[in-house]
Amino acid sequence: MSEVIQYNPATGDVLGTVPEASPDQIRAAMTRARAAFPIWRATPLPERLAFLRKLRLLLVEQAHGIAEEIAAATGKIRGEALSAEVLVVADAIHYYERHAETFLARQRVATPILFFGNRSYIQYQPLGVVGVISPWNFPFQLAMIPVISALIAGNAVLLKPSEVTPFVGTLMERLFKESGFPEGVVQVLHGGRDVGAGLTAARPDKIFFTGSVATGKKIIAAAAEHLIPVDLELGGKDPMIVLADADLDRAVNGALWGAFTNAGQVCMSVERVYVERPIYDEFVRRVTAGARSLRLGEDVGSMTFPPQLALVEEHLRDAVEKGARIECGGTAAKAGTLYFHPTVLTGVDHSMKIMRDETFGPVLPILPFDTVEEAVALANDSEFGLNASVWTSDLAKAERIAAQLVSGNVCINEVISTVANPHLPFGGVKQSGIGSYHGPGGLHTFSHRTSVMLNKGKKKREVNWFPYTAEQERAFHTIIRLLFGTSRRATLADIRNLIGQVLGKDSKDSRPAGQAGPNGKEHTS
Ligand code: NAD
């Protein structure tokens, strides 16, 4: 039996191993999920929410221990695990506890006059078994929020957490168990890419994937074979635009946190900064001093995944070879661990990997600009479109710039924070992904919509049914003219005919269609 190893990246220690799910175990889990689904979907929403409430209370009760376990498995600072993992998940559950009934309620919509007397509404139904595949950088939040959203919407869930942080997978499994979810409703499949591919091949009714662009493409290709719908939450290369009138202290502090929190391994990290030329030198000076003052292990955690550190070094090498200057950092720290010194880079341009590809490490490249148009063009010159930020004291100008950025999220004098507001949809554009979650759409993405049109069934026929008659055609002409034309006029006879047809009254002198002209007059030809 294969196993996945859990390291403590901050110390290099092996913490333990977790057995990988075999193909038979994946199939058996799918069978259990399929059996659990009809019972779970039939469980009234308030009862489903009661399980989620229990989970939330467990998170609150065990917050410190959970944060410690996540910190040990990822190398992140415990406070970051507490705020960006435990707190946001508790907030997401609490948000849906308060709003899920409204979001999933039958939604009444208007009905056109042609169908007078009918009622129309949209009903949200669960999809079935949802597969959630999640990454290692926020291994708790990025698994838990899609899982709880899918569960609330009435689906059974199979979760495949990242093999880089398997102890976070076992932690989540334990929490679901302690919350008392019924057998088969939520199951965790531990393991790496083969287990992920096995989950896709087991044909869930939806796949919700968070991870790299390369894996996202593989998953959507495999899912296409069976027309399985897929949501993809992928990488980013988020730009930060700092105008000369920005509050410099706030912009500097925002850049430092946005680039170095979670050791830069945030899909919405600040990955490139554009600063208006009059304040460029001062901004670089202050950011460099700030980066130097950050303490490894206290402010900046270790990186999590060894190949990621190698990628950061490769991006830096490429940038320096092409003329970039390292203002501070640039090297790994503490041998045997994955700590990397916060790094500030100048003299960069868009020919460098560090300005084009996702770096996903504690590196902050800075480039000056002269005009807002140039800054917007530079920000949009990317394959990615996850988040962006604009910094200025002129809020109207900031909003105008925000509207020109091709990005799923924009922060103004803020950074990363859109993802932490459960009311806002979260998702990327361009190579950053397909689909979104959080907010009302976070439940709708795990539902299919059924459009229902209801008639009381008292009329013998509808206006558009057989047999086709001249009066019916005349009624269509009247509707088209009245509702969609510029001259909204009709004769009294036209209106009477229209009302009669819509109410389903049989006309006494029904004639076959084609024998009457658009105004009810006889054709002369
Ligand atoms: P990854 O793509 O390497 O792995 C993600 C998950 O996919 C893991 O669970 C992995 O085991 C699984 N997987 C790998 N190959 C698979 C296959 N062929 N079929 C099915 N599953 C497979 O990503 P990662 O390195 O864990 O995460 C980092 C990436 O995630 C970064 O690019 C980052 O930007 C992105 N990310 C995006 C968001 C977002 O919300 N947009 C959030 C966090 C991270």
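Going by the annotation in an unreviewed UniProt entry, the name recorded for the protein is Aldehyde dehydrogenase, with Tumebacillus lacus given as the source organism.

> Hey, could you run me through the pattern of salt bridges in this one?
If charged atoms from side chains of opposite charge come close, those side chains can pair. Taken as a whole, this structure holds 24 salt bridges when the rule is applied. Between R174 and E69 there is a salt bridge, and its shortest N-O distance comes to 3.5 Å. Separated by 105 residues along the polypeptide, R174 in helix 6 (residues 166–178) and E69 in helix 3 (residues 63–74) bring together distant segments of the chain. With a relative accessible area of 29%, R174 lands in the partly exposed category.

> Sorry, what's going on with the packing of helix 13 (residues 372–380) against helix 14 (residues 395–404) here?
Between two packed helices, what matters for the description is the angle formed by their axes and the separation of those axes. In the contact formed by helix 13 and helix 14, the axes pass within 10 Å of each other and the chain directions differ by 35°. Once helix 13 is placed against helix 14, the crossing between them reads as right-handed. Note on element contacts: helix 14 touches helix 13 through K397, I401 and Q404, opposite V372, V376 and N380. Grouping the amino acids of the contact of helix 13 with helix 14 by side-chain chemistry returns three nonpolar, two polar and one charged.

> Explain the packing of helix 9 (residues 248–260) against helix 10 (residues 277–293) here, please?
Two numbers describe how helix 9 lies on helix 10: the axes approach to 10 Å, and their chain directions differ by 50°. If you check the angle between helix 9 and helix 10, you find them oblique. In this structure, helix 9 crosses over helix 10, and the sense of that crossing is right-handed. On the side of helix 9, the interface is formed by L248, D249, A251, V252, A255, L256 and F260, while helix 10 contributes I279, E282, F283, R286, V287, G290 and A291. Here the contact of helix 9 with helix 10 is composed, by residue class, of 10 nonpolar, one polar and three charged.

> I'm lost on the nonpolar core in this one. Help?
The tendency in soluble globular proteins is for nonpolar side chains to be buried as a group. Core analysis: the biggest nonpolar cluster contains 122 residues, and F140, I152, V242, F283 and I366 have the highest contact counts within it. Broken down by element, this core gets its largest block of residues, 10 residues, from helix 4 (residues 78–103). Summarising the domain contributions, this core has at least three residues from each of domain 1 (3–234 + 440–450) and domain 2 (238–421). Not counting chain neighbours up to four residues away, the residues in contact with F140 comprise L59, I66, I70, E85, V86, V89, V168, L171, M172 and L175.

> Would you mind going over the environment of V132 with me for this structure?
Looking at the element boundaries, V132 is found in strand 5 (residues 129–133). On the basis of relative accessibility, which here comes to 0%, the residue V132 falls in the buried class. As for V132 and I220, which are separated by 88 residues in sequence, their C-alpha atoms are 13 Å apart.

> Whenever I open this one, helix 13 confuses me. Can you help?
Because an α-helix completes one turn every 3.6 residues, residues spaced three or four positions apart along the sequence face the same direction. Along helix 13, the residues classified as buried are V372, A375, V376, L378 and A379. Down the axis of helix 13, the smallest arc covering the buried residues is 165°, so these residues share one side. Contacts made by the buried residues of helix 13 are with strand 10 (238–242), strand 11 (270–276), strand 14 (363–369) and helix 14.

> Teacher, can you tell me more about the side chain of T392 here?
As for its placement among the helices and strands, T392 is situated in the loop between strand 16 (387–391) and helix 14. If we ignore the near neighbours within four places in the chain, the residues touching T392 are L243, D245, A246, A398 and N413.

> How should the site of the ligand be read in this particular structure?
Taken together, 28 residues are adjacent to the ligand, and K160, E163, S212, L234 and E358 come closest. Between the ligand and E163, the relevant distance is 2.7 Å, taken from an oxygen atom to a side-chain nitrogen or oxygen of the residue. In the environment of the ligand, a nitrogen atom lies 3.5 Å from a nitrogen or oxygen atom belonging to the backbone of A197. Residues belonging to the shell around the ligand are distributed by class as follows: 13 nonpolar, 10 polar and five charged. The residues that make up the shell around the ligand include at least three from each of domain 1 (3–234 + 440–450) and domain 2 (238–421).

> Looking at this model, I keep getting lost on the pairing of strand 9 (residues 230–233). Mind explaining?
On any regular strand, side chains alternate: one points to one face of the sheet, the next to the other face. Of the two faces of strand 9, both are covered, the one formed by V230 and L232 as well as the one formed by D231 and E233. Crossover handedness for the path strand 8 (residues 206–210) to helix 8 (residues 213–224) to strand 9: right-handed. Note: strand 9 against strand 19 (residues 433–434), two bridges, orientation antiparallel. Bridged to L232 within strand 19 is I434.

> Just to check I follow, could you spell out the side chain of S432 for this structure?
Within the element layout of this structure, S432 appears in the loop between strand 18 (429–430) and strand 19. Under the relative-accessibility criterion, S432 is labelled buried at 0%. At 2.9 Å, the side chain of S432 forms a polar contact with the backbone nitrogen of G385. Residues within four places of S432 in sequence aside, it is in contact with L232, E233, L234, G235, G236, F384, G385 and L386.

> Would you take a moment to explain the UniProt feature "active site" (unreviewed entry) in the protein for this structure?
Look at the UniProt record and you will see "active site" (unreviewed entry) annotated at E233. Owing to a relative accessible area of 4%, E233 belongs among the buried residues under this scheme. With residues near it in sequence (within four places) discarded, E233 still touches F208, F209, T210, G211, F426, G427, G428, S432, G435, S436 and Y437.

> Even after reading the chapter, I still don't get the sheet that holds strand 17 (residues 409–412), so can you show me in this structure?
Hydrogen bonding along the main chain pairs the strands of a sheet, whether they run parallel or antiparallel. Pairing in this open sheet of seven strands is mixed, and the strands run 12-13-14-11-10-16-17 from one edge to the other. Of all the strands in the sheet, just strand 12 (325–328) and strand 17 have a single pairing partner and so form its edges. Taking each pair of neighbouring strands and ignoring which way they run, the sheet shows an average axis angle of 25°. In terms of strand pairing, strand 11 meets strand 14 through four bridges, oriented parallel. By the bridge assignment for strand 14, V273 is matched with I366.

> Even after reading the chapter, I still don't get a positive patch on the surface, so can you show me in this structure?
Taken together, R106, R108, R119, K456 and K458 make up a surface patch of like positive charges. Inspection of the secondary structure puts R106 in the loop between helix 4 and strand 3 (107–109). Under the relative-accessibility criterion, R106 is labelled exposed at 53%.

> Sorry if this is basic, but what is going on with the sheet that holds strand 6 (residues 156–160) here?
Strand order across the open sheet formed by six strands is 7-6-5-8-9-19, with mixed pairing between neighbours. With one partner strand each, in any of the chains shown, strand 7 (186–188) and strand 19 form the two edges of the open sheet. Relative to strand 6, strand 5 runs parallel, the two sharing five bridges. Bridging across to strand 6, V132 finds its partner in L159.

Rules of the game
- Residues numbered from 1 in each chain as written.
- Predicted model: local features only at pLDDT ≥ 70, side-chain atom pairs only at ≥ 80, totals over all residues.
- Heavy atoms only, no water.
- Salt bridge = Lys/Arg side-chain N within 4 Å of Asp/Glu carboxyl O.
- Helix = DSSP H or I, 4+ residues; strand = E, 2+ residues; numbered from the N terminus.
- Buried < 20%, exposed > 50% of the residue type's maximum accessible area, 1.4 Å probe, protein only.
- Axes fitted to C-alpha atoms, helices over the stretch in contact; angles between N-to-C directions.
- Left-handed = near helix turned anticlockwise from the far one by under 90°.
- Contact = heavy atoms within 4.5 Å.
- Nonpolar A, V, L, I, M, F, W, Y, C, P; charged D, E, K, R; others polar.
- Parallel < 35°, antiparallel > 145°, perpendicular 65-115°, else oblique.
- Core = buried A, V, L, I, M, F, W, Y, C linked by side-chain atoms within 4.5 Å.
- Domains from an automatic or database assignment.
- Arc of directions from axis to C-beta.
- Near = heavy atom within 4 Å.
- Polar contact = N/O pair within 3.5 Å; in protein donor to acceptor, adjacent residues only side chain to side chain.
- Right-handed = clockwise from strand over helix to strand, strands pointing away.
- Pairing = 2+ DSSP bridges.
- UniProt positions renumbered as here; feature names shortened; annotations may be inferred.
- Patch = residues over 30% accessible without salt bridge, like charges linked within 9 Å, V, L, I, M, F, W, Y side chains within 5 Å.
- Areas by Shrake-Rupley, 256 points an atom, 1.4 Å probe, with all protein chains shown as cover.
- Lys, Arg positive; Asp, Glu negative; His and termini not counted.
- Charge placed at Lys NZ, Arg CZ, Asp CG, Glu CD.

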